[in-house]
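Descriptive structure summary
Read off the chains here:
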Amino acid sequence: MPVRKIVIQKPALTPFNVVAGIIVVVGLIITVIRFTQGLRATTNLSDYNPWGIWIGFDLLVGVALAAGGYVTSAACYIFGLKRFHSAVRPAILTGFLGYALVVLALHYDVGRPWRLPYPFIVQQGTTSLLFEVAACVALYLTVLFIEFTPAALEWLGLKRARSIVVKLTLVLTIFGVVLSTLHQSSLGALFLIAPSKLHPLWYSPYLALYFFVSSIVAGLSMVIFEGSLAHKHFHDKMDAEHLREADGVALGFAKAASWVLAGYFIIKVIGIAQTNAWGYLGTGYGLWFLVEMLGFVLLPCYFYAIGAREKNLKIIRRTAVWTVLGIVVNRFNVGLIAFNYHLPSSERYFPHWMEIGISVFVITIGILAYKFIVTHMPILYAHPDYDAH
Amino acid sequence: MGNTINTLHDFMLRTESLTYIMIVVALCGFIFFWRFLSERDDDRDHLGADRTGEHHH
């Protein structure tokens, strides 16, 4: 039966487009200043604080929140939970865009960005965790790009190329999980080199484990969060399978997130016991640590559990937003707030407005790219000419 | 066990003892937590997957 398409012309000057346009223009101006006048003109970075929000937010948070790709594809293709299949493409897309934007943001942060390929072609430095992170992020971005291509190839009508890529799905998924495990944990392990700079409540020999486990929670929460946004704004793009499975994805992921958060809370407390850092809990930093642990770990763990038990999607979706915020708080704490905690306040880092501007610019680019791809490519619906893979 | 830590042995004894107790408590607690999470999942198996043949036609 032929399907009749009704095209409704939407006005170009919507509030979203106007705000996004202003952000992009301002972002481009700051970009010119950054690459013509250097880091000093656009950042508050110093020898004490060489990593600011372009690392603490754009990279650490970006990589964690892009974990939905490996979490969802592993659940579907490795653990065989096919009822999550409809969530794979949106999650892969978010992951791909997330990593692409991490690499974009890195170009702003690194003093001489044209040297980013140096670890691979000039000096390997294989004993450095940063080499491992660089290698994994580069390889995983490639993997995500290939995993994303079936949607683009379907859109372009390249059936033969699409059938070749689809055959690689399982291999790519396994490769993606391995690479994610490595670099998600290595980002935490980076801070092991500075035990005296990171506050004892956040420093732990288990930092690598913390980053990896929390990335799973971040990935699960982002898939729920992004699913609810897609449901609200791209409802017309979703086919029957996506609409039918959306609630099941949220319920299943909420249950998993609750379980992983409980485990994360336990290993964090064990970390305190291992370093005997209990005495710090009574300090100002201790209070902030408790806010993070109770407010952004235990509370979402409880509400995810209640939401999954009661099958209450409203609770689950709100908890997902709160958990994503919790991941931001955690990465900010490790990368910025609890880092260099011993320095006097005059030497502490606070981001320059242009740093914040570039971070907002990068997020806006991501939202615009997501909107374009979801509007044009078969992400939230299965293309009628192709079998599901 | 006293409150003062004088030697590495004291430190290890305190931290490891506490850690082992917490691990045992956590593992026992996880059983109850899993039951709390799953007891209303009548139509799913223990891994959360749909049981085949019951609801699909």
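Model, not experiment: these values are computed from the prediction.

Parameters at a glance
Residues numbered from 1 in each chain as written. Chains lettered and ligands numbered in written order. Predicted model: local features only at pLDDT ≥ 70, side-chain atom pairs only at ≥ 80, totals over all residues. Heavy atoms only, no water. Helix = DSSP H or I, 4+ residues; strand = E, 2+ residues; numbered from the N terminus. Buried < 20%, exposed > 50% of the residue type's maximum accessible area, 1.4 Å probe, protein only. Areas by Shrake-Rupley, 256 points an atom, 1.4 Å probe, with all protein chains shown as cover. Expected span 1.5 Å × (residues − 1). Phe/Tyr/Trp six-rings, centres within 6.5 Å; stacked < 30°, edge-to-face > 60°. Contact = heavy atoms within 4.5 Å. Buried area = accessible area lost by both parts, 1.4 Å probe. Salt bridge = Lys/Arg side-chain N within 4 Å of Asp/Glu carboxyl O. Nonpolar A, V, L, I, M, F, W, Y, C, P; charged D, E, K, R; others polar. Axes fitted to C-alpha atoms, helices over the stretch in contact; angles between N-to-C directions. Parallel < 35°, antiparallel > 145°, perpendicular 65-115°, else oblique. pLDDT = per-residue confidence, 0-100. Bend = angle between axes of the 7 residues up to and from the residue. Polar contact = N/O pair within 3.5 Å; in protein donor to acceptor, adjacent residues only side chain to side chain. Core = buried A, V, L, I, M, F, W, Y, C linked by side-chain atoms within 4.5 Å. Patch = residues over 30% accessible without salt bridge, like charges linked within 9 Å, V, L, I, M, F, W, Y side chains within 5 Å.

Another point: the overall build of chain B. Secondary structure assignment for chain B yields one helix and zero strands. Counting over 57 residues, chain B shows a buried share of 21%. Here chain B has roughly 4,600 Å² of accessible surface; of this, 63% comes from carbon and sulfur atoms.

It is worth spelling out unusual backbone geometry at this point. Note: most peptide bonds trans; most residues except glycine with negative phi. Residue and element names in this part refer to chain A. Positioned with a positive phi, Lys311 is a non-glycine residue whose angle comes to about 55°. Among the secondary structure elements, Lys311 is positioned in the loop between helix 12 (284–310) and helix 13 (313–337). Given a relative accessible area of 41%, Lys311 falls into the partly exposed group.

Because each turn of an α-helix spans 3.6 residues, side chains separated by three or four positions in sequence point in the same direction. Between the first and last C-alpha of helix 5 (residues 88–109) of chain A there are 31 Å, a value that for 22 residues agrees with the 32 Å anticipated at 1.5 Å per step. Taken across its 22 residues, helix 5 of chain A has 17 buried, putting it largely inside the fold.

Further remarks concern the packing of aromatic side chains. Residue and element names in this part refer to chain A. Evaluation of the coordinates by the stated rule reveals 24 aromatic pairs over all chains. Relative to Phe191, the ring of Trp51 lies with its centre 6.1 Å away and its plane at 80°, an arrangement referred to as edge-to-face. Remark: Phe191 occurs in the loop between helix 9 (169–189) and helix 10 (207–233) and Trp51 occurs in the loop between helix 2 (39–42) and helix 3 (53–65); sequence separation between them is 140 residues. Exposure remark for Trp51: the relative accessible area of 31% places this residue in the partly exposed category. For Phe191, a relative accessible area of 3% corresponds to the buried category.

A word on the interface of chain B and chain A. Where the parts come together, the accessible area they lose is often given as the size of the interface. Contacts between the two partners involve 23 residues from chain B and, on the opposite side, 21 residues from chain A. Both sides of the chain B and chain A interface together cover about 2,100 Å² of buried area, and 64% of this is carbon and sulfur. Close ionic contact of Arg40 of chain B with Glu310 of chain A constitutes a salt bridge, the shortest N to O distance being 3.3 Å. Residues of the side of chain B that touches chain A, tallied by class, amount to twelve nonpolar, four polar and seven charged.

Before going further, it helps to spend a moment on the packing of helix 5 of chain A against helix 10 of chain A. All names here are of chain A. Contact geometry of helix 5 with helix 10 gives a least axis separation of 10 Å together with a crossing angle of 110°. One finds that helix 5 runs roughly perpendicular with respect to helix 10. Residues Pro90, Ala91 and Thr94 of helix 5 form the contact with helix 10, whose participating residues are Met222, Val223 and Glu226. In terms of residue class, the contact of helix 5 with helix 10 is built from four nonpolar, one polar and one charged.

Moving on to the confidence of the model for chain A. Looking at chain A as a whole, its pLDDT mean stands at 91, while 97% of the residues score no less than 70. Averaged pLDDT values over the elements of chain A bottom out at 87 in helix 6 (residues 118–121) of chain A and peak at 96 in helix 12 of chain A.

Residues and elements named next belong to chain A. One can find Gly95 in helix 5. C-alpha separation for the pair Gly95 and Ala66, spaced 29 residues apart in sequence, amounts to 4.2 Å. In this structure, Gly95 is in contact with Ala66 and Leu144, ignoring residues within four places of it in sequence.

Let us now look at helix 7 (residues 129–156) of chain A. Residues and elements named next belong to chain A. The end-to-end C-alpha separation of helix 7 is 39 Å, in line with the 40 Å expected for 28 residues at 1.5 Å each. Along helix 7, the sharpest change in direction is near 40° and occurs at Thr149; proline Pro150 comes one to four residues later. In this structure Ser128 caps helix 7, since a side-chain oxygen of it lies 3.0 Å from the backbone nitrogen of Leu130. One or two steps after helix 7, the chain reaches Gly157, where phi turns positive at roughly 80°.

Attention now moves to the nonpolar core. All names here are of chain A. Core analysis: the largest hydrophobic core is formed by 90 residues, its most contacted members being Phe148, Leu198 and Ile379. Tallying contributions element by element places helix 11 (residues 240–275) first for this core, with twelve residues. Core analysis: the next-biggest nonpolar cluster, separate from the first, contains 14 residues, Tyr349, Met354, Ile358 and Phe361 among them.

What follows deals with a nonpolar patch on the surface. Residues and elements named next belong to chain A. Where nonpolar side chains cluster on the molecular surface, the patch consists of Ile78, Phe79, Leu170, Ile174, Val178 and Leu182 and spans about 560 Å² of accessible area. A per-element tally of the nonpolar patch places helix 9 first, with four residues. Checked against the element boundaries, Val178 lands in helix 9.

Time to look at the side chain of Ser180 of chain A. Residues and elements named next belong to chain A. Here Ser180 shows up in helix 9. Residue classification places Ser180 among the buried residues on the basis of a relative accessible area of 0%. Of note is the side chain of Ser180, whose polar atom sits 2.8 Å from the backbone oxygen of Gly176. The residues touching Ser180, leaving out its near neighbours within four places in the chain, are Tyr70, Tyr140 and Ser185.

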